[in-house]
Amino acid sequence: MPKRRLAIAALSLLALGGCAIATPFKGPGFDPKEGVTLEGPDQVVVAITKAVLQGDSSERSGFWTNVRRVEASLESRQGLIGYSLRRQLFGATAWTMTVWVDEASLDAFVGSRVHQTAIEQSLPALSQTGFARVEVGRDDIPLPWDRAVEILEEDGRHYD
């Protein structure tokens, strides 16, 4: 019986490797009861990223420190509707989803000092990245994470 318990435990850990948790979708232009609250076009821009981490604990810790800095800067960004972060429970993959009123707002954020610094400082911790942008209807926000990951895998750019 002990071998069987070990086998079950091993299979359980493998199954959990695919499990992920996400923060609730939130932001200055979103209300959970009303949806998108910012004025703008019928279509909004969704940016989805994926990061597969590598390296030692200090490199990974630096990555998460930068994620927190970028997240702290989001609420003040012009044109931000909302965002959510997702990560594997027992794995090395993290995702971000931000939603913007237009491409110009997203581009301004991507070019911001806090975002550029985060990218530069996080490179040693990354073994793989992926990026996707897609326009969706305002009424489709927030996108479910399974749909966001599907968009990223189908239409995203991936780098090793």
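Structure first, text after, so check above.
Each value, and the rule that gives it
- Residues numbered from 1 in each chain as written.
- Predicted model: local features only at pLDDT ≥ 70, side-chain atom pairs only at ≥ 80, totals over all residues.
- Heavy atoms only, no water.
- Helix = DSSP H or I, 4+ residues; strand = E, 2+ residues; numbered from the N terminus.
- Buried < 20%, exposed > 50% of the residue type's maximum accessible area, 1.4 Å probe, protein only.
- Areas by Shrake-Rupley, 256 points an atom, 1.4 Å probe, with all protein chains shown as cover.
- Arc of directions from axis to C-beta.
- Contact = heavy atoms within 4.5 Å.
- Patch = residues over 30% accessible without salt bridge, like charges linked within 9 Å, V, L, I, M, F, W, Y side chains within 5 Å.
- Salt bridge = Lys/Arg side-chain N within 4 Å of Asp/Glu carboxyl O.
- Pairing = 2+ DSSP bridges.
- Axes fitted to C-alpha atoms, helices over the stretch in contact; angles between N-to-C directions.
- Phe/Tyr/Trp six-rings, centres within 6.5 Å; stacked < 30°, edge-to-face > 60°.
- Lys NZ or Arg CZ within 6 Å of the ring centre and 35° of its normal.
- Parallel < 35°, antiparallel > 145°, perpendicular 65-115°, else oblique.
- Nonpolar A, V, L, I, M, F, W, Y, C, P; charged D, E, K, R; others polar.
- 1 Å grid on protein atoms, 1.4 Å probe; cavity = no way out; pocket = protein on both sides within 12 Å on 5 of 7 lines; lining within 4 Å.
- Points joined across faces, edges and corners; volume = space filled by probe spheres on them.

With respect to the overall build of the protein chain
Looking only at helices and strands, the protein chain features 5 helices and 8 strands. The order of α-helices and β-strands along the protein chain, N terminus first, is α-β-β-β-β-α-β-β-α-α-β-α-β. Residues classed as buried in the protein chain amount to 40% of the 160 residues present. Only carbon and sulfur atoms are counted for the fraction: they give 54% of the accessible area of the protein chain, which is about 9,500 Å².

Let's talk about helix H5 (residues 145–155)
All of the buried residues along H5 are Trp145, Ala148, Val149, Ile151 and Leu152. Within H5, the buried residues cover an arc of 155° as seen down the axis, which keeps them to one side. Exposed and oriented more than 90 degrees from the buried face of H5 are Asp146, Glu154 and Asp155. Contacts from the buried residues of H5 go to strand E1 (20–22), strand E4 (43–53), strand E5 (80–88), strand E6 (93–100), strand E7 (126–137) and strand E8 (157–159).

Looking at unusual backbone geometry
Going from Ile141 to Pro142, the amide bond is cis rather than trans, its omega being 5°. As for its position among the elements, Pro142 is in the loop between E7 and H5.

Focus on a nonpolar patch on the surface
Taken together, the side chains of Ile21, Leu89 and Phe90 make up a nonpolar region of the molecular surface, amounting to roughly 290 Å² of accessible area. With respect to the helices, strands and loops of the structure, Phe90 is situated in the loop between E5 and E6.

Section: the sheet that holds E4
Strand order in the open sheet made by the 6 strands is E1-E5-E6-E4-E7-E8, with antiparallel pairing throughout. In this open sheet, the two strands that pair with only one neighbour each are E1 and E8. Geometrically, the sheet is characterised by an average inter-axis angle of 15° between neighbouring strands, direction not taken into account.

So, the packing of aromatic side chains
Aromatic ring pairs are reported here in terms of the distance separating the ring centres and the angle at which the planes meet. Taken as a whole and judged by the stated rule, the model has 3 aromatic pairs. The ring centre of Trp95 lies 4.5 Å from the NZ or CZ of Arg86, which sits over that ring. For Arg87, the ring lying beneath its charged end belongs to Trp64, and the centroid distance is 4.2 Å.

A few points about the packing of helix H2 (residues 57–74) against helix H4 (residues 113–122)
It is at 9 Å that the axes of H2 and H4 come closest, and there the two elements cross at 170°. Here H2 lies roughly antiparallel to H4, going by the angle between them. Of H4, the residues touching H2 (which contributes Phe63, Asn66, Arg69, Val70 and Ser73) are Val114, His115, Ala118, Gln121 and Ser122. Residue classes in the contact of H2 with H4 are distributed as 4 nonpolar, 5 polar and 1 charged.

Describing the layout of surface pockets
Within this model, the largest pocket holds a volume of roughly 970 Å³. As for the largest pocket, its lining consists of 41 residues, and the residues nearest its centre are Thr49, Thr96, His115, Ile119 and Phe131. The biggest single contributor to the lining of the largest pocket is H2, with 8 residues. Residues of the lining of the largest pocket, tallied by class, amount to 23 nonpolar, 10 polar and 8 charged.

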